Amino acid sequence: MIRTDLHAGWTVRAAGGPVPAEIAGEPVPATVPGTVHTDLLDAELIPDPYLGENETALEWFHRAAWLYETTLSAAPAAEGERVDLVFDGLDTVATITLDEVELGRTANMHRGYRFDVRDRLRDGEIPLSVRFDSALEYAEDVQKTIGERPRPYPHPFNAVRKMACSFGWDWGPDLQTAGIWKPVRLERWRVARLASVRPQATLDADGRTGRLVVHVEVERAADSELTAEVRLGEHVSHIVLDAGETSGMTEISVADAPVWWPIGYGDQPLVDVSVILRDKSDDIDSWKARVGFRTITVDETPDDVGSAFTFVVNGQPIFIRGLNWIPEDHLLTRLTRDRYAAAIDRAIDANTTMLRVWGGGIYESDDFYDLCDERGILVWQDFPLACAAYAEEEPIRSEILAEARENIARLTPHASLALWNGGNENIWGHEDWHWKEQLNGLTWGAGYYYELFPALLAELDPTRAYHPGSPSSPGHDPADVHPNDDRYGTRHEWEAWNRQDYTFHANFLPRFCSEFGWQAPPTWSTLRESLAPEDFDQESPAFLLHQKAEGGNDKLNAGMAHHLRVPGEFEDWHWAAQLNQARATTYAIGHLRGHAPRTMGSILWQLNDCWPVTSWAVVDGAGRLKPAWYALRKAYAPRLLTFRGDALIAVNDSPSVWRGVVKLRRIGFDGNIASEATVALDVAARSVVEVALDPALTTPGDVTREVLVADIDGLRATRLFAEDFDLAYDPAPLSTDISPTEGGYSVTVTATSFARDVALLTDKIDPTAYVDDMLVDLLPGESHTFLIRTTWADGDAFGRPAVLRSANTIAAGA
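This structure is a prediction, so every number in the text was calculated from the model and none was measured.

1. Points about the overall build of the chain
Within the chain, the secondary structure is distributed over 18 helices and 42 strands. By its C-alpha atoms, the chain is 95 × 70 × 60 Å across when sized along the principal axes. Among the 814 residues that make up the chain, the fraction classed as buried is 60%. Considering only intrachain contacts with a sequence separation of at least 6, the fraction spanning at least 24 residues in the chain is 70%. Working note: accessible area of the chain is about 29,600 Å², and carbon and sulfur atoms make up 48% of it. Across the chain, the 73 positively charged side chains and the 124 negatively charged ones have centroids separated by 2 Å.

2. As for the packing of aromatic side chains
Working definition: an aromatic ring pair is given by the centre-to-centre distance plus the angle between the planes. Under the criterion given, the structure shown has 48 aromatic pairs. Geometrically, the ring pair formed by Trp428 and Trp433 is tilted, given 5.6 Å between the ring centres and 50 degrees between the ring planes. Geometrically, the ring pair formed by Trp629 and Tyr630 is edge-to-face, given 5.0 Å between the ring centres and 85 degrees between the ring planes. No difference in accessibility class separates Trp629 from Tyr630, as the two residues are buried. An aromatic cluster is defined as three or more aromatic residues linked by ring pairs; in this entry it consists of Tyr363, Phe383, Trp420, Trp444, Tyr448, Tyr449 and Phe453. Across the ring face of Phe508, the terminal group of Arg491 is positioned such that the distance to the ring centre comes to 3.9 Å.

3. What about the environment of Ile252?
Within the secondary structure, Ile252 sits in strand 15 (residues 247-254). Taking the C-alpha atoms as reference points, Ile252 and Leu457, separated by 205 residues in sequence, lie 21 Å from one another. The residues touching Ile252, leaving out its near neighbours within four places in the chain, are Gly210, Arg211, Leu212, Val230, Leu232, His235 and Ser237.

4. Describing the environment of Asp91
Mapped onto the secondary structure, Asp91 falls in the loop between strand 5 (81-87) and strand 6 (93-98). The buried category is assigned to Asp91, whose relative accessible area is 2%. Put simply, Asp91 and Lys182 are 91 residues apart on the chain and 8.8 Å apart in space, counted from C-alpha to C-alpha. Within the local environment of Asp91, its side chain forms a polar contact with the side chain of Lys162, the two groups lying 2.5 Å apart.

5. Focus: the packing of helix 14 (residues 552-561) against helix 15 (residues 570-593)
Each pair of packed helices can be summarised by the angle the axes make with each other and by the distance between the axes. At a minimum axis distance of 10 Å, the contact between helix 14 and helix 15 shows a crossing angle of 75 degrees. For the element pair helix 14 / helix 15, the angle class is roughly perpendicular. Between helix 14 and helix 15, the contacting residues are Asn553, Leu556, Asn557, Gly559 and Met560 on the first element and Trp573, Ala576, Ala577 and Asn580 on the second.

6. Describing the side chain of Gln581
Looking at the element boundaries, Gln581 is found in helix 15. Sequence-distant contacts of Gln581, defined by excluding residues within four places in its chain, comprise Trp518, Gln519, Ala520, Ser615, Trp616, Ala617, Lys626 and Ala628.

7. Some thoughts on the pairing of strand 15
Only one face of strand 15 is buried: it carries Gly248, Thr250, Ile252 and Val254, and the other face, with Ser247, Met249, Glu251 and Ser253, is open. Bridge analysis of strand 12 (residues 210-220) against strand 15 gives eight bridges, and the strand direction is antiparallel. Across the sheet, His215 pairs through a bridge with Met249, a residue of strand 15.

8. Comments concerning the pattern of salt bridges
Counted under the stated rule, the structure contains 69 salt bridges. Where Arg290 meets Glu374, a salt bridge forms, and the shortest distance between an N and an O atom there is 2.7 Å. A residue pair is termed long-range when its members are at least 10 positions apart, and Arg290 in strand 17 (residues 282-291) and Glu374 in helix 6 (residues 366-375) qualify at 84 residues. Using a relative accessible area of 29% as the deciding quantity, one classes Arg290 as partly exposed. In this structure Glu374 comes out as partly exposed when scored by relative accessible area, which is 30%. With a closest N to O distance of 2.7 Å, Arg487 and Asp485 form a salt bridge. Arg487 gets classed as partly exposed once you look at its relative accessible area, which sits at 35%. Residue classification places Asp485 among the buried positions, given a relative accessible area of 14%.

9. Here we look at the nonpolar core
Of all hydrophobic cores here, the largest spans 191 residues; its most connected members are Trp66 and Leu85. Here this core takes eleven residues from helix 15, the largest share from any one element. Not counting chain neighbours up to four residues away, the residues in contact with Leu85 comprise Leu6, Ile96, Leu103, Tyr113, Arg114, Phe115, Val117, Leu128, Val184, Arg185 and Leu186. Val197, Leu241, Ala257 and Val273 belong to the second largest nonpolar core, which has 27 residues in total.

10. Considerations on unusual backbone geometry
The general pattern is negative phi for most residues beyond glycine and trans for most peptide bonds. Here the residue pair Asp91 and Thr92 is connected by a cis peptide bond, since its omega of -5 degrees sits within 30 degrees of zero. In this fold, Thr92 is placed in the loop between strand 5 and strand 6. In the segment running from Glu394 into Pro395, the intervening peptide bond is cis, with an omega of 10 degrees. With respect to the helices and strands, the residue Pro395 is situated in the loop between strand 23 (378-382) and helix 7 (396-411). A positive phi angle, close to 55 degrees, is found at Asp99, a residue other than glycine. In this model, His434 sits at a positive phi of 65 degrees, which is unusual for a non-glycine residue. With respect to the element layout, His434 can be found in the loop between helix 8 (426-432) and helix 9 (435-439). Residue class for His434 comes out exposed when judged on its relative accessible area of 56%.

11. A word on the sheet that holds strand 12
The strand order across the open sheet built from three strands is 11-12-15, with neighbouring strands paired in antiparallel fashion. The two strands at the open ends of the sheet, each matched to only one other strand, are strand 11 (192-203) and strand 15. When strand polarity is set aside, the average angle formed by the axes of neighbouring strands in this sheet is 15 degrees. The pairing of strand 11 with strand 12 spans eleven bridges and is antiparallel. Among the inter-strand pairings, Pro199 is bridged to a residue of strand 12, identified as Val214.

12. Topic: helix 7
The terminal C-alpha atoms of helix 7 lie 22 Å apart, and with 16 residues this matches the ideal 22 Å at 1.5 Å per residue to within 8%. Of the residues making up helix 7, those classed as buried are Ile396, Glu399, Ile400, Glu403, Ala404, Asn407, Ile408, Ala409 and Leu411.

13. Some thoughts on helix 4 (residues 135-146)
Taking 1.5 Å of rise per residue, the twelve residues of helix 4 would be expected to cover 16 Å, and the 16 Å separating its terminal C-alpha atoms lies within 8% of that figure. Of the residues making up helix 4, those classed as buried are Ala135, Leu136, Ala139, Val142, Gln143 and Ile146. One face of helix 4 carries all of its buried residues, which in axial projection span an arc of 120 degrees. Away from its buried face, by an angle of more than 90 degrees, helix 4 presents the exposed residues Lys144 and Thr145. Check the buried side of helix 4 and you find it contacts strand 6, strand 9 (126-133) and helix 7. Sitting at the head of helix 4, Ser134 places a side-chain oxygen 3.3 Å from the backbone nitrogen of Leu136. Directly after helix 4, the chain includes Gly147, whose backbone phi takes a positive value near 100 degrees.

Reading guide: rules and limits
Residues numbered from 1 in each chain as written. Predicted model: local features only at pLDDT ≥ 70, side-chain atom pairs only at ≥ 80, totals over all residues. Heavy atoms only, no water. Helix = DSSP H or I, 4+ residues; strand = E, 2+ residues; numbered from the N terminus. Buried < 20%, exposed > 50% of the residue type's maximum accessible area, 1.4 Å probe, protein only. Contact = heavy atoms within 4.5 Å. Areas by Shrake-Rupley, 256 points an atom, 1.4 Å probe, with all protein chains shown as cover. Lys, Arg positive; Asp, Glu negative; His and termini not counted. Charge placed at Lys NZ, Arg CZ, Asp CG, Glu CD. Phe/Tyr/Trp six-rings, centres within 6.5 Å; stacked < 30°, edge-to-face > 60°. Lys NZ or Arg CZ within 6 Å of the ring centre and 35° of its normal. Polar contact = N/O pair within 3.5 Å; in protein donor to acceptor, adjacent residues only side chain to side chain. Axes fitted to C-alpha atoms, helices over the stretch in contact; angles between N-to-C directions. Parallel < 35°, antiparallel > 145°, perpendicular 65-115°, else oblique. Pairing = 2+ DSSP bridges. Salt bridge = Lys/Arg side-chain N within 4 Å of Asp/Glu carboxyl O. Core = buried A, V, L, I, M, F, W, Y, C linked by side-chain atoms within 4.5 Å. Expected span 1.5 Å × (residues − 1). Arc of directions from axis to C-beta.

Structure follows, in structure tokens:
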């Protein structure tokens, strides 16, 4: 097998549609892999779509067509030689032409394509082109043929196999990219090639014996006998394929196999697996990957509540501390392994154990899964179908099944891959969002979720768990048991954000909550980079363009008003909104973790953003940490102390017993102790304890000026007795002492009165600064030292009032 990348010498030019004259005229250099947006950005022909109102200015892209062109030089095929032109990914509606002969047409960015060009090669340069037509217009034509189906947004994203959020979402821009977004190459081969290799590594019931089953599929150009040598370390096995056979398998048993564990439960050893395909004594193709020996299941045993939904890894039940993952950049081809690593590490630093690859995005890159394998982050993978009804007829059906087959096989080696999920909110939508009347008997995707996806997994990778949809109540007809029923399966909690308050979480005890969250704007420096100063206003058109949720700002303010004064000045409002997101995150996760083992999973919406926007992310589109990220890190810490009503909840998700003495105080904001006690804590590994408290601690003398505090092992929980807008905070209780340290500054903050949620918003001074902690509660006389990593010359700037924030400062504006 000889592989030759075809990434050089490409140009792209407009080929149709409402393209501005200054762009339509001439071709520009094209980066492959890449997209038209990134090429025109590089050529300085379009403004950055992430800034200001530029997204709107680029709406003409939606109906534009583009032509990529290059030439290739390749020797004519020798006798018995196959030559294939291989595209790993085309976004999306493409026509491929070689030497003025059309090779084929595609309409799916989620899969690869291969064209036999052995009869098309000749001496000299051969023109190669790929034309991309409007995916929007293609989808509009498809739905005219097969019938329009319900969806939450205007564009028919459910009628074309393109990343759904490419057409806009309630946190993402509507850019509708086009381009050769994955590698393209020529492959020259003889006799046969490895078409698919699927290694399935598991552990036997003894927890020590590893079992590797390797399935091999070949494409043949000749009918001779073939041998596939499978090598796992020092273990070697052979698959013999007789003339005409195209598939085979072998099994290798490994005594005392190195066991792969999720982060926090053990190590992540990965073992090299290689396959060499031979024709007699000649090596004709090869393949390699890494696997980890582990067994992952989902326990859905019925119980007296309903049925469990618990991930079990190597026999160990695991409470999932998870985050939803969307594409890290809307312009996907800008993502590198380093950017993936940085984003995944931000999740790890927040004590996360699982990332859910959400169904409105993509099957992620190999880099993403490799990094999760190495770091021990479990992956929940949605099939990319989201929030809409999907036709089960052509041309959609065969494309969905082809992409599913390809990606199930591609992801089989990855130890981190824990579960395949049928899609996002599609079963719920069919049951609750008035789809049935709109569909009037049309198919909507049930065949994929209940029959075709599980059948594909049974055929290609029976080692993975499968869930029909998030949310859903597996094993029950949605008409009988609601797909969002908290007694079964998975639940999404959006009533809290959309219509209620974050305390609404207390009304439900889900078995597993796979979506919930609260909005906030991005960090201040990200706003400065993406908006003009005059747009720092909730109602400015540019700010609203970067707030995609329906009624988003109204919901932010309504949610804030349940707890905080809603500031009128924008900078104060920005801090209040970020603080409320952090509080909502803390409350919801504390509720879910505190009810284990009934609840065994929490997947917050969401880790990341794909551009600068007000959203539910805890890390903004520039990769900066919002205050909610710090709240998440504390809420997901292996050991958590929190209050629930008049009880103290201690969560111990560590492998050892948690013993100690909790110091409890009901204390005035001025430092006077009204009541105090100690409680012995003894919490077994991986368990939760609820401790009832003496009424003397939980009954305040003055609800406006007292706080209940619990301290143990450096952890602190606080409970206030009224909402912030009724509390008698000292508006200016803090002083600072700032000193240079290696790599930045230490800022010691001291309180003269109770100070809640003390934070340093360091990016307001240095956009690249990092602070090690945030949202600290201080009692009178206490100090906390924050460490800032920065190269900024003026350390005193980090003590300015706009930087040093707390809940007290919001009250101060009243």
